[in-house]
Amino acid sequence: MPAWSFLASLTSGRVANPRPPCKTIANQNQRPQLILFPAIDLKDGQAVRLVHGDMAQSTVFNDDPAAQARSFVDAGCQWLHLVDLNGAFAGAPVNAAPVEAILKACPVPAQLGGGIRDMATIEAWLSKGLARVILGTVAVENPHLVRQAARAFPGQVAVGIDARNGRVATKGWAEETDVMVTDLARSFEDAGVAAIIYTDILRDGAMGGPNIDATAALARAVSIPVIASGGVSSLADLQALKDTGVIEGAISGRALYDGAIDLKEALAALAD
Ligand code: AMZ
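Residues numbered from 1 in each chain as written. Predicted model: local features only at pLDDT ≥ 70, side-chain atom pairs only at ≥ 80, totals over all residues.

J.: Looking at this structure, I do not really get the pairing of strand β10 (residues 195-200). What am I missing?
T.: Looking along a regular strand, one sees the side chains alternate between the two faces of the sheet. Counting buried residues along β10, 6 of its 6 residues qualify, which places the element largely inside the surrounding structure. Side chains of β10 alternate between two faces, with A195, I197 and T199 and I196, Y198 and D200 buried alike. Pairing of strand β7 (residues 157-164) with β10, which is carried by 6 bridges, proceeds in the parallel orientation. Bridge pairing in β10 links V159 to I196. Of the pairings in the sheet, the one linking β10 to strand β11 (residues 226-229) comprises 4 bridges and is parallel in character. Each bridged residue has a counterpart across the sheet, and for I196 the counterpart in β11 is V226. In the classification by handedness, the crossover that spans β10, the intervening helix α9 (residues 212-221) and the parallel β11 is right-handed. (Buried ≥ 20, exposed ≤ 12 C-beta atoms within 10 Å, placed from the backbone. Helix = DSSP H or I, 4+ residues; strand = E, 2+ residues; numbered from the N terminus. Pairing = 2+ DSSP bridges. Right-handed = clockwise from strand over helix to strand, strands pointing away.)

J.: Hey, could you run me through the packing of helix α10 (residues 235-243) against helix α12 (residues 263-271) in this one?
T.: Geometry of a packed helix pair, given as the angle between the helix axes and the separation of the axes. Relative to each other, α10 and α12 sit at 25 degrees, their axes nearing to 10 Å. In this view, α10 runs roughly parallel relative to α12, as classed from their interaxial angle. Where α10 crosses over α12, the two elements pack in a sense that is right-handed. Here L235, L238 and K242 of α10 lie close against α12, whose contacting residues are A266, A269 and L270. (Axes fitted to C-alpha atoms, helices over the stretch in contact; angles between N-to-C directions. Parallel < 35°, antiparallel > 145°, perpendicular 65-115°, else oblique. Left-handed = near helix turned anticlockwise from the far one by under 90°. Contact = placed C-beta atoms within 7 Å.)

J.: What's the story with the nonpolar core in this structure? I'm lost.
T.: Within soluble globular proteins, side chains that are nonpolar tend to cluster in buried spots. With 79 residues, the main nonpolar core has L80, V193 and I196 as its most contacted residues. Of all the elements, strand β1 (residues 35-43) adds the most residues to this core, at 6 residues. With near-sequence residues (within four places) excluded, L80 lies in contact with F37, P38, I40, A69, F72, I102, C106, V108 and A110. (Core = buried A, V, L, I, M, F, W, Y, C linked by C-beta atoms within 7 Å.)

J.: Which parts of the structure should I look at to understand helix α2 (residues 65-74)?
T.: Think of an α-helix as turning once every 3.6 residues; residues three or four places apart then point the same way. Within the sequence span of α2, burial applies to P65, A66, Q68, A69 and F72. The buried residues of α2 occupy an angular sector of 160 degrees when the element is viewed end-on, so they sit on one face. Contacts made by the buried residues of α2 are with β1, β2 (46-51), β3 (54-62), β4 (80-84), α4 (96-105) and α12. (Arc of directions from axis to C-beta.)

J.: What's the story with the site of the ligand in this structure? I'm lost.
T.: Taken together, 20 residues lie near the ligand, and G53, A88, G113, G136 and T137 sit nearest. Looking at the shell around the ligand, the elements with two or more residues in it are α3 (85-90), β6 (132-135), α6 (137-141) and β7. A per-class count over the shell around the ligand returns 9 nonpolar, 10 polar and 1 charged. (Near = placed C-beta within 6 Å. Nonpolar A, V, L, I, M, F, W, Y, C, P; charged D, E, K, R; others polar.)

J.: In this structure, what is going on with the environment of A260? I would like to understand it.
T.: Among the structural elements, A260 can be located in the loop between α11 (254-257) and α12. For A260, a count of 15 C-beta atoms within 10 Å puts it in the partly exposed group. A260 sits 28 residues away from V232 along the chain, and the two C-alpha atoms are 9.9 Å apart. With residues near it in sequence (within four places) discarded, A260 still touches M207, S233, S234 and A255.

J.: I tried to follow the packing of α2 against α4 on my own but got confused; where do I start?
T.: Contact pair α2 / α4: the axes reach a minimum separation of 8 Å and the direction vectors enclose 35 degrees. The two elements α2 and α4 meet at a crossing, and its hand is right-handed. Judged by residue contacts, P65, A66, A69 and R70 of α2 engage P98, A101, I102 and A105 from α4. When the residues that make up the contact of α2 with α4 are grouped by side-chain class, the tally is 7 nonpolar, no polar and 1 charged.

Right, dumping it as structure tokens:
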């Protein structure tokens, strides 16, 4: 769906999903629990996984993303992590229909990134029942929008920081910037963002384990909850992220699809 028709659908009388407002993900006084976010990356309407974010290296795992989401929910997940991959390249929502189908089909909160670059799109998604938007490219190009959105929608705006060797990448990870991860994260310290989702691009889809040291260092550098993404591929990885005591969530995609992580088992292990 082109961006204009997505925004126009706001006024078409559709009612947003009744969802509980999003809370900050951790109780400040307790050792954080690690929330596991199963990932559904959408390309051309299908649930896929890429390697290092390369659209040419894509594997289709499910051509019914809502069914995929429901199976994650049936396994007991508390959250869903959604990415509109075409949207991240196009700079506007492209896979709006499958995202809306997921929102309708699933009772758990969902966060979505990819092509969310202006206030109208942020408002449109949140009014459709999305629990949290993820802002990546605009966090570099228009940080004012992040601040404005975080003020307008407390608890519902996360910043996605995706990086190669510590430098932030934008626009579908096709563009490299000179911005350093920690500098960008610190710049939002007082903005009221709900979370920072940090992806190590060189780990993403590679099944080689997450960058625990860099993620933990980031989490120690800011007071914003940090969620790890990229390379999370075993129960041991999840346990190691949890054992840092400072990382509040982990996103996993390929490992859940190919069975390297059993979602039910992982959720049970993390709940202990
Ligand atoms: O895999 C990729 N090439 C990719 C990807 N997964 N490119 C962007 N993204 C995700 C980011 C973030 O969640 O991890 O899209 C979101 C950022 O999109 P935008 O349009 O705000 O830069």
